[in-house]
Protein chains: 2
Amino acid sequence: MEAASKQERTRLSADDWELGALELIAEQGVSALAVEALARRLGVTKGSFYWHFRTREALLKAALARWERDDDRALVADVDPIPDPRERLRELFRRVAREVQPHRIYAALLKALDHPQVLPLMARVSQRRMDFLALAYRQTGMDRTTALNRARLAYAAYVGFLQLNLTLGLPKLSHEEFDAYVAHVIDTLIPA
Amino acid sequence: MEAASKQERTRLSADDWELGALELIAEQGVSALAVEALARRLGVTKGSFYWHFRTREALLKAALARWERDDDRALVADVDPIPDPRERLRELFRRVAREVQPHRIYAALLKALDHPQVLPLMARVSQRRMDFLALAYRQTGMDRTTALNRARLAYAAYVGFLQLNLTLGLPKLSHEEFDAYVAHVIDTLIPA
DNA sequence: GCAAGTCAATACGCGAAAGTATGGATGCTA
DNA sequence: TAGCATCCATACTTTCGCGTATTGACTTGC
C-alpha cells in the first residue's frame, strides 16, 4: 500500500537525497541546501546522509549532474521534432511561458553563478540552448550572424523573464494580459 | 598630503561603511557582505562597525537605501532629456551595453532576491525602469498595451543580458561582434 | 539463524560569523 | 589642558553548519 505522501518511512537511497536536494534548490536556492535541513525534510538525521555522500559538495555535484542529464533535456526535446522552425520557436516560447514550474531550478541556479560547481554547468546548458535557438533562426532564413544575435537576444529575454516573473513576481499580470504579452514576444522575436 | 589610495587612515563615518558595503556587494554579492571582512577592507576591526551600526542588517538597509537614492537614478537621468523617444531608447541601450560597471550592483542584487530587504527594493526599481521604457515606447506611437509589453520585453532582455554577460561570461564576443549584437538588439526592439 | 552489509541515530569537534562587553585612543571644545 | 564625545581594539559568547566517530538496528545471503 505504501502511503502516498512523502512519509514512506522506508530507507533512503542516494537517489532520494539527490531528488530532495533538487526540490530544495528549486524552492529556496542553492545556498539553502544544508545537510541537516535536507535530512529533516526527509525524516532522518545526517547520520544517514554521510553514509550516502562524502560531503555536501558531493551531493550538490550529483544533484546538478542529474538535473543536467534529465530535467534539462526534456525541455528542448519536446519541441525539437517540429519541422517548421518558426512554429518550433513559437511552441517553445509558449511552453516556457505556460509551464514555469520546471524552470524554477534553472532560475535558482542562475542566482548561484558564484558557486564554482554551478558556473560551468550553466555555461554548458545556456550554450546548448542558445545553439538550439540559433539553429532554428538560421532555418527561418536568417544569415548566420543575425541568427546568432537573435538567439542571444531571445535567450537573454528568457533569462530575464525568469528572474522578473518567478523570483521578483513582476510584472503581476492577469491571465489575459499575460497571454497578450507572450503573443507580443512571439511577434517581436520571431520573423513573420 | 593625505595619501591618495584608500589608506586614508583617518577615522571612519557611517558613510564610509555604506560605500564600502556597496563596493563589496558589487564585487562579491550580498552574501559576501560580512562585518569582519568589510572591516578588514577598511583597515579597522569590527569594534568600529558596531559603533556606527546596530547590526549587519542595518548596514545593508542603509547601503541599499543609498544605492536606490543615488546610483540608481543617475542611469535614467542621463538620457531622460533626449526629446526624441527613439533616440532616447537607442542611447539608453548603447549606454547599458558600454558601461557595464555601474550595473554590477544591480546584477548582484538580482541574485539576492531571496533576501527580504532586497526584494521590495528591486521591485520598486524595476517597476520605475519599466515605466520609463513604457513611456518612451508610448511616445513612439505605440498603443498603451503594446508599449507596456515591449517595455517588459526590453527590460527582461536587459536583466538577462546582465546575468549572461556579467556573471556567466556568456557569450564571449569580440568587440566587433558585441557592437553588432547591440545594433541587432536596437533594430529588433526599437521601432524604425 | 548468524554473520556481513546497509542504513540511521547520537554525540562530539571545529571553524566562521554575528553580536556583546569593556577599556583604550584620539580629537574637539571650553 | 581638562573633559567629554567619538572612534576603535580585544576578548569574549552564541549560533549555525560541516564533518567525524561510534554505536545501534534492520536486511539479506549463506
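Residues numbered from 1 in each chain as written. Chains lettered and ligands numbered in written order. Predicted model: local features only at pLDDT ≥ 70, side-chain atom pairs only at ≥ 80, totals over all residues. Heavy atoms only, no water.

Considering the relation of the copies chain B and chain A
Piece 1. When chain B is fitted to chain A, the best match, at an RMSD of 0.1 Å, comes from turning it 180° and sliding it 0.0 Å along the axis. The operation mapping one copy onto its partner corresponds to a two-fold rotation axis. (Least-squares fit on C-alpha atoms with pLDDT ≥ 70 in both.)

Re the pattern of salt bridges
Residue and element names in this part refer to chain A.
Piece 1. Using the criterion set out here, one finds 33 salt bridges over all chains in the structure.
Piece 2. The partner of Arg66 in a salt bridge is Glu18, and the shortest N-O contact between them spans 2.8 Å. In this pair, Arg66 sits in helix α4 (residues 56–69) while Glu18 sits in helix α1 (residues 14–28), placing the two residues 48 residues apart along the sequence.
Piece 3. By relative accessible area, Arg66 is classed as buried at 12%.
Piece 4. A relative accessible area of 10% means that Glu18 is categorised as buried.
Piece 5. One salt bridge connects Asp78 with Arg95, and the closest N-O pair in it is separated by 3.5 Å. Here Asp78, found in helix α5 (residues 71–79), pairs with Arg95, found in helix α6 (residues 85–98); they are 17 residues apart in sequence, far enough to count as distant. (Salt bridge = Lys/Arg side-chain N within 4 Å of Asp/Glu carboxyl O. Helix = DSSP H or I, 4+ residues; strand = E, 2+ residues; numbered from the N terminus. Buried < 20%, exposed > 50% of the residue type's maximum accessible area, 1.4 Å probe, protein only.)

Considerations on the domain arrangement of chain A
Residue and element names in this part refer to chain A.
Piece 1. In terms of domain boundaries, chain A breaks down into domain 1 (14–66) and domain 2 (70–189).
Piece 2. Taken together, the 12 residues of domain 1 in the interface contact 11 residues of domain 2.
Piece 3. Between the two partners, domain 1 and domain 2, sit zero salt bridges.
Piece 4. Our count for the domain 1 to domain 2 interface comes out at three residue pairs in polar contact (both at pLDDT 80 or more).
Piece 5. Put simply, the parts of the chain that give the side of domain 1 that touches domain 2 at least two residues each are α1 and α4.
Piece 6. The element that contributes the greatest number of residues to the side of domain 1 that touches domain 2 is α4, accounting for six residues.
Piece 7. Taken together, the residues of the side of domain 1 that touches domain 2 sort by class into six nonpolar, one polar and five charged. (Domains from an automatic or database assignment. Contact = heavy atoms within 4.5 Å. Polar contact = N/O pair within 3.5 Å; in protein donor to acceptor, adjacent residues only side chain to side chain. Nonpolar A, V, L, I, M, F, W, Y, C, P; charged D, E, K, R; others polar.)

Topic: the protein's contact with DNA strand C
Piece 1. Around DNA strand C, a shell composed of 16 residues is seen, among which Leu12, Thr45, Ser48 and Trp51 of chain A together with Lys46 of chain B lie nearest.
Piece 2. Sugar and phosphate atoms form 51% of the subset of DNA strand C atoms that lie within 4 Å of the protein.
Piece 3. Ser48 of chain A places a side-chain nitrogen or oxygen 2.4 Å from a phosphate oxygen of DNA strand C.
Piece 4. In the environment of DNA strand C, a phosphate oxygen lies 2.8 Å from a nitrogen or oxygen atom belonging to the backbone of Arg56 of chain B.
Piece 5. For the surface near DNA strand C, the secondary structure elements donating two or more residues are α3 (46–52) of chain A together with α2 (35–42) and α3 (46–52) of chain B.
Piece 6. The dominant element in the surface near DNA strand C, judged by the number of residues it contributes, is α3 of chain A, at four residues.
Piece 7. Partitioned by chemical class, the residues of the surface near DNA strand C number six nonpolar, five polar and five charged. (Near = heavy atom within 4 Å.)

Concerning the protein's contact with DNA strand D
Piece 1. Lining the immediate surroundings of DNA strand D are 18 residues, of which Lys46 and Arg56 of chain A together with Thr45, Ser48 and Trp51 of chain B lie closest.
Piece 2. In DNA strand D, atoms within 4 Å of the protein come 55% from sugar and phosphate.
Piece 3. In this structure, Arg11 of chain B approaches DNA strand D through a side-chain N or O atom, which is 2.8 Å from a base oxygen.
Piece 4. A distance of 3.4 Å separates a phosphate oxygen of DNA strand D from a polar side-chain atom of His52 of chain B.
Piece 5. Every element with two or more residues in the surface near DNA strand D is listed here: α2 (35–42) and α3 of chain A together with α3 of chain B.
Piece 6. With five residues, α3 of chain B is the largest single contributor of residues to the surface near DNA strand D.
Piece 7. Each residue belonging to the surface near DNA strand D can be placed in one class, and the counts come to seven nonpolar, five polar and six charged.

Remarks on the side chain of Arg150 of chain B
Piece 1. On the secondary structure map, Arg150 of chain B appears in helix α9 (residues 144–167).
Piece 2. When near neighbours in sequence (up to four residues on either side) are disregarded, Arg150 of chain B contacts His184 and Thr188 of chain A together with Tyr137, Met142, Thr188, Leu189, Ile190 and Pro191 of chain B.

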